[in-house]
Amino acid sequence: MATDPAPNLVFVTVDSLRADHCGYVDAGTGPTDDLTPTIDRLADEGVAFTQAVAPGPRTPSSVPVFFTGEFMSDDPDWTMADWQGRQGRIGRHMARFTHLSERLQRRGYETATFTANPWTTRESNFHLGFDDFNEVSADSDDVQSSYLSDSTLFKLADAGLETLPVDPVGWADKKEWFSQWTGYFELLQERLADLSEPFFLWVFVLDSHQPYITPRRFREECAAWEMYYSILRYWHGETADEAIPPHARKMIAATYRDAVRSVDAFVDAVHEATAPYDPVTVFCSDHGEALGEHGNFGHEQTLYEENLRVPCFVHGTDASATVREQLPLRGLPELLTELTEPGTFDPRRHTRPFAVSQIEDNRATAVRTTRWKLVTRQEGTRLYDLQADPDETADVRTDYPAVASALADLRDRHEATQAEKGATETATADLVTAERGSL
Amino acid sequence: MTEISLSDDLAERIEGRIDGTEFDGVDEYAEFVLGEVLARVEHDAAESQEETASREQVQNRLQSLGYLEE
């Protein structure tokens, strides 16, 4: 009996997209139900995960984990103050495991990527396992900088604004702010046509990352001046350590919603462009985004829901379901590998009652269920009841000591596991070094 | 799946190491360790990290996106 061929796989990752800004996630109860009609439609047609959880609140603590299925170890050769050390640590982590794109490559897939996030570059070994690696940035050798954006201001900066006598805002050093899918989509379509099947295409877009500069055609709430004002007001608040006033907070939230509209248009465009190849599409964001909750904007080193809860759906298989159990993104390598075999996808095989998340330096850990979250930091431990207190304001350890104890036990098991994996990492590194020395 | 056999002594030593961890059993531990060793050997990790952009360019990218405030 003939078996169906392995399907093409399209993996769309969006930077900093909050779960509650995708209408399907809270289905009529969320504050922003109408921003993402395409995401909602595809989630409805496929398998919609409403409780997907990122392994970390920022790209460096999330994407390396969901590409390898493993948390990063307590590597001593870096500090948070040393960005090259942080990059090197990610690179060592990516080389330590056979990660997602390599697994698919071994299964006969031609693998290609367009990635706009600066933590997922050749320097951090994300090119391993990709036949065609396209880093989208102002300084990339893969994609001409003119493809980064179709913004007029960007084109001025890219054309040499830095050479002008006056650039008071410093746009020339902030070209990444303008990273927009509309700039390089045509290029993506061209590369897509060249891929042999089955292919794995990973696209990692930055459009909903700060500072939310969005093409005019997708903006419904903000004029250009409001968009740029909110960026500069936010940046001023950050650098001067000043609180952001209420009117600016509202404006920042509105610019973010416009950015989410642009992301939805991107998903629509990708869906249309890849439809002739009948792919299975997996969609998720790498982490969420704070819009003033807990005194934060963007994605700080915190483990609150606004930063950890993410949208995720699988479209194009025979399966159709709304899955309300937790999906830790850490399990994506297994999920995507399973999708290579038609007819075998079981969404609930990938859900877990407990999900662990960590910040980049592993100094804060969250153990989450659909109701509870235990967060342990150096300053102490807090238990949140996510149903009764979705804003995570009250520590209820004394009210629910058995819950706190059970989750603490899971945290301890996670830490013991990481310690054991750290021991094998050291031993393996020594072994490989010794082997090289003997050659 | 391919089954392999381990000596009782080795299996017991692994069981001793995975007590209190998330490893489900000896199989999972052996799969993890072998997978790590092979990935290391195949990647030749020390030589795989490439440098394409200048230090200043990368630093500017990370800075502009708010990643260097720590």
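Only a predicted model underlies this, so the values are computations on that prediction, with no experimental measurement involved. (Residues numbered from 1 in each chain as written. Chains lettered and ligands numbered in written order. Predicted model: local features only at pLDDT ≥ 70, side-chain atom pairs only at ≥ 80, totals over all residues. Heavy atoms only, no water.)

Asker: For a nonpolar patch on the surface, give the residues involved together with the corresponding values.
Answerer: Taken together, the side chains of I4(B), L6(B), L10(B) and L34(B) present a nonpolar region at the surface, about 340 Å² in accessible area. Mapping I4(B) onto the fold places it in the segment before helix 1 (8-18). (Patch = residues over 30% accessible without salt bridge, like charges linked within 9 Å, V, L, I, M, F, W, Y side chains within 5 Å. Areas by Shrake-Rupley, 256 points an atom, 1.4 Å probe, with all protein chains shown as cover. Salt bridge = Lys/Arg side-chain N within 4 Å of Asp/Glu carboxyl O. Helix = DSSP H or I, 4+ residues; strand = E, 2+ residues; numbered from the N terminus.)

Asker: Explain the environment of D391(A) residue by residue, including any values.
Answerer: Take D391(A): it is sitting in the loop between strand 14 (380-385) and helix 12 (401-438). Spatially, the C-alpha atoms of D391(A) and W235(A) are 25 Å apart, while their sequence positions differ by 156 residues.

Asker: Run through the pairing of strand 4 (residues 132-135) of chain A, naming residues and quoting values.
Answerer: One face of the sheet, then the other: side chains in a regular strand alternate in exactly this way. Residues and elements named next belong to chain A. Side-chain alternation along strand 4 places D132 and N134 on one buried face and F133 and E135 on a second face that is also buried. Note that strand 3 (residues 110-115) and strand 4 share four bridges and pair parallel. When the bridges of strand 4 are listed, T113 appears paired with F133. (Buried < 20%, exposed > 50% of the residue type's maximum accessible area, 1.4 Å probe, protein only. Pairing = 2+ DSSP bridges.)

Asker: Give me the sheet that holds strand 1 (residues 9-14) of chain A: which residues, what numbers.
Answerer: All names here are of chain A. If you walk across this open sheet you meet the eight strands as 4-3-5-1-6-9-2-10, and the pairing is mixed. Pairing within the sheet leaves two strands with one partner each, and these edge strands are strand 4 and strand 10 (321-328). Direction aside, the axes of adjacent strands within the sheet are offset by 15° on average. In this sheet, strand 10 lies alongside strand 2 (residues 47-53) in parallel orientation, the contact comprising six bridges. (Axes fitted to C-alpha atoms, helices over the stretch in contact; angles between N-to-C directions.)

Asker: I'd like to hear about the nonpolar core, residue by residue, with values.
Answerer: The nonpolar side chains of a soluble globular protein tend to be buried with one another. All names here are of chain A. In this structure, F11, F67 and F200 are the most contacted members of the largest nonpolar core, which totals 101 residues. A total of 12 residues in this core trace back to one element, the largest contributor, which is helix 9 (residues 246-274). Contacts of F11, omitting those with residues within four sequence positions, involve F66, F67, L100, F200, L201, W202, V203, V282, C284, L332 and L336. If you look at the next biggest cluster of nonpolar residues, it comprises 11 residues, including L374, V396, L407 and A408. (Core = buried A, V, L, I, M, F, W, Y, C linked by side-chain atoms within 4.5 Å. Contact = heavy atoms within 4.5 Å.)

Asker: Can you tell me about the pairing of strand 9 (residues 309-315) of chain A, naming the residues and giving the values?
Answerer: All names here are of chain A. In terms of burial, strand 9 is largely enclosed, as seven of its seven residues are buried. Alternating positions in strand 9 separate into two faces, R309, P311, F313 and H315 on one and V310, C312 and V314 on the other, with burial throughout. For strand 2 and strand 9, the ladder comprises five bridges, and the chain directions are antiparallel. Looking at strand 9, one finds that V53 is bridged to R309. As paired elements, strand 6 (residues 280-285) and strand 9 share four bridges and run antiparallel to each other. Bridge pairing links F283 to F313 in strand 9.

Asker: Mind laying out the packing of helix 4 (residues 83-96) of chain A against helix 2 (residues 26-43) of chain B, listing which residues take part and the relevant values?
Answerer: Where helix 4 of chain A meets helix 2 of chain B, the closest approach of the two axes is 8 Å, and the angle between their N-to-C directions is 110°. Considering the angle they form, helix 4 of chain A stands roughly perpendicular to helix 2 of chain B. On the side of helix 4 of chain A, the interface is formed by M94(A), A95(A) and R96(A), while helix 2 of chain B contributes F32(B), E36(B), A39(B), R40(B) and H43(B). When its residues are assigned to classes, the contact of helix 4 of chain A with helix 2 of chain B shows four nonpolar, one polar and three charged. (Parallel < 35°, antiparallel > 145°, perpendicular 65-115°, else oblique. Nonpolar A, V, L, I, M, F, W, Y, C, P; charged D, E, K, R; others polar.)

Asker: Can you explain the environment of F67(A)? Please cite residues and give values.
Answerer: Residues and elements named next belong to chain A. Position of F67 relative to the elements: it lies in helix 3 (residues 59-68). Judged by relative accessible area, which is 0%, F67 ranks as buried. In this structure, the C-alpha to C-alpha distance between F67 and D44, residues 23 residues apart in sequence, is 26 Å. Look past the residues within four positions of F67 in its chain and what remains in contact with it is F11, M94, H99, L100, S101, F126, F130, W202 and P333.

Asker: Residue-level account of unusual backbone geometry, with values.
Answerer: Residue and element names in this part refer to chain A. Of note, the amide linkage connecting E197 to P198 takes the cis form, showing an omega dihedral of 0°. Considering the arrangement of structural elements, one finds P198 in the loop between helix 7 (181-194) and strand 5 (199-205). Here the amide bond leading from Q210 into P211 is cis, since omega sits at 5°, within 30 degrees of zero. Tracing the backbone shows P211 in the loop between strand 5 and helix 8 (224-240). Positive phi values are uncommon outside glycine, yet N125 reaches one of about 65°. Inspection of the secondary structure assignment puts N125 in the loop between strand 3 and strand 4. According to the relative accessible area criterion, N125 is buried, its value standing at 0%.

Asker: Explain the domain arrangement of chain A residue by residue, including any values.
Answerer: Residue and element names in this part refer to chain A. In terms of domains, chain A is made up of domain 1 (9-136 + 179-353) and domain 2 (369-439). Just the C-alpha atoms count here: the centres of domain 1 and domain 2 sit 24 Å apart. Across the boundary between the two partners, domain 1 contributes 18 residues, which contact 14 residues of domain 2. Approximately 1,200 Å² of surface area, both sides summed, lies buried where domain 1 meets domain 2, with 42% of it carried by carbon and sulfur atoms. A per-residue breakdown of the area domain 1 buries against domain 2 is headed by R96, L303 and E305, which together make up 35% of the total. Summed over the shared surface of domain 1 and domain 2, the result is three salt bridges. At the surface where domain 1 touches domain 2, the tally comes to 10 residue pairs in polar contact (both at pLDDT 80 or more). (Domains from an automatic or database assignment. Buried area = accessible area lost by both parts, 1.4 Å probe. Polar contact = N/O pair within 3.5 Å; in protein donor to acceptor, adjacent residues only side chain to side chain.)

Asker: Tell me about the confidence of the model for chain B, and name the residues and values.
Answerer: Averaged over all residues, the pLDDT of chain B is 85; the fraction at 70 or higher stands at 83%. Ranking the helices and strands of chain B by mean pLDDT puts helix 1 of chain B first, with 96, and helix 3 (residues 45-48) of chain B last, with 51. (pLDDT = per-residue confidence, 0-100.)

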